Amino acid sequence: MKYMMLMQFGGQTQDEVPPIHTWPVEDVQAHIQFMHDTNRKLVDAGEFVDAQGLAAPDQARIVRAGEGGAAVVTDGPFPETKEFLVGYWIIDCDSPERAVDLAAHVSAAPGPGGRPLNMPIELRQVMSAPSEEL
């Protein structure tokens, strides 16, 4: 079963954890090393499909189809947005319980001073294609 683990920042996390660009260099390095180590463990276990960090929300664009299907692009998300997606993993594992265990591991990534961030990780199963009858 494939799952997507979505790493979100904001809401309660934002109140408790300062932005990563304000962390001491060694804390940023430890956090990034944790992510690399996690990816390596997933690869070694045959559970890794993909993982990516995402650019900051101020670089995001919202795109909608306008008149005649032409792209209408706006900046976003806007300042009132309280949470934003900072990265994701797609994993392929044997059970929902294993996916939950992996999400809990990622949630405990080290933050300032090496303390676990315990940030919320949204876990969603990747849907399979509809049957051919549809």
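Residues numbered from 1 in each chain as written. Predicted model: local features only at pLDDT ≥ 70, side-chain atom pairs only at ≥ 80, totals over all residues. Heavy atoms only, no water.

**Q** Sorry, what's going on with the pattern of salt bridges here?
**A** Should their charged atoms come close, side chains of opposite charge can pair. Summed over the entire model, instances satisfying the criterion amount to 3 salt bridges. Residue E47 is joined to R98 by a salt bridge in which the shortest nitrogen-to-oxygen separation is 2.9 Å. Remark: R98 occurs in helix α3 (residues 96-107) and E47 occurs in the loop between α2 (25-44) and β2 (48-53); sequence separation between them is 51 residues. Judged by its relative accessible area of 33%, R98 falls in the partly exposed class. For E122, the salt bridge goes to R124, with nearest N and O atoms at 3.5 Å. Classification of E122 as partly exposed rests on a relative accessible area of 32%. (Salt bridge = Lys/Arg side-chain N within 4 Å of Asp/Glu carboxyl O. Helix = DSSP H or I, 4+ residues; strand = E, 2+ residues; numbered from the N terminus. Buried < 20%, exposed > 50% of the residue type's maximum accessible area, 1.4 Å probe, protein only.)

**Q** What is the right way to read the nonpolar core from this model?
**A** Across soluble globular proteins, nonpolar side chains show a tendency to be buried alongside one another. Membership of the largest hydrophobic core comes to 22 residues, with the highest contact counts inside it found for M5, M7, M35, W89, I91, L117 and I121. Contributions of two or more residues to this core are made by β1 (2-10), α2, β5 (83-92) and α3. With sequence-adjacent residues up to four places away left out, M5 is seen in contact with G87, Y88, W89, I91, A99, L102, A103, V106, I121, E122 and L123. (Core = buried A, V, L, I, M, F, W, Y, C linked by side-chain atoms within 4.5 Å. Contact = heavy atoms within 4.5 Å.)

**Q** Help me understand the side chain of Q8, please; the structure alone is not making it clear to me.
**A** Along the chain, the position of Q8 falls in strand β1. Those residues within four positions of Q8 in sequence are excluded, and the remaining contacts are E83, F84, L85, M119, P120 and E122.

Keep in mind that these numbers describe shape and distance, not what the molecule does.
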